[in-house]
Amino acid sequence: MNGQALPLLWLLSDARNDAGLEAALRALPKGSGFVFRHYHLEPAERRRQFEKLALIARECGHVVVLSGAEDWGADGHYGAPERLGTGLRLATAHNGEEIEAAIEAKADGIFLSPVFPTSSHPGGATLGPMGFSVLAQRSPVPVIALGGMNAERARELNWPRWGAIDGLS
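Residues numbered from 1 in each chain as written. Predicted model: local features only at pLDDT ≥ 70, side-chain atom pairs only at ≥ 80, totals over all residues. Heavy atoms only, no water.

Draft legend 1. Fine view of the pairing of strand β3 (residues 63-67). Of all five residues making up β3, five are buried, and the element is well covered by its neighbours. A two-sided burial pattern is seen for β3, the buried positions comprising V63, V65 and S67 on one face and V64 and L66 on the other. By the bridge criterion, four bridges tie strand β2 (residues 33-36) to β3 in an arrangement that is parallel. Note on β3: the bridge partner recorded for G33 is V63. (Buried < 20%, exposed > 50% of the residue type's maximum accessible area, 1.4 Å probe, protein only. Helix = DSSP H or I, 4+ residues; strand = E, 2+ residues; numbered from the N terminus. Pairing = 2+ DSSP bridges.)

Right, dumping it as structure tokens:
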């Protein structure tokens, strides 16, 4: 894992939380993780926003991970197992097969989702606490709970690593 510990708490960027990201990054405990996604922006604007937010995240002592193949100086990359870039490699997974793909791709961590209902996929199927726990406990790679997560749900899930879009911003 490139000699660094995988953070327990992760903030993921999105069009929905864009306005509050600077404050959210400053409010996170030192050593948290930040995944920059911002798929809604054009490439040049996306890069500018990444550089601005990455600077704030680093000033706060956070790990900065980029979704996408660009090499913008992030600490690592986030995405589907077959598209992981260099550095800290964080894969996305939604079921056991995708967890296996992440393990085969030598991911350093796996974002497993959705645990709970989310505003990004209203009415969509979820893993639920039991489904999440069964899958996560089988993984030899650290698993990060994602999907409808906030501090209260993290306590309910009783899982040390979790991330959120709306729940931390």
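Here the narrative resumes, following the displayed structure.
Draft legend 2. Region of the structure containing helix α2 (residues 43-59). In this model α2 runs 24 Å from its N-terminal to its C-terminal C-alpha over 17 residues, within 8% of the 24 Å that 1.5 Å per residue would give. All of the buried residues along α2 are R46, Q49, F50, L53, A54, I56 and A57. With its buried residues spanning 160° around the axis, α2 presents them on a single face. Residues L55 and E59 are exposed on α2 and point more than 90 degrees away from its buried face. (Expected span 1.5 Å × (residues − 1). Arc of directions from axis to C-beta.)

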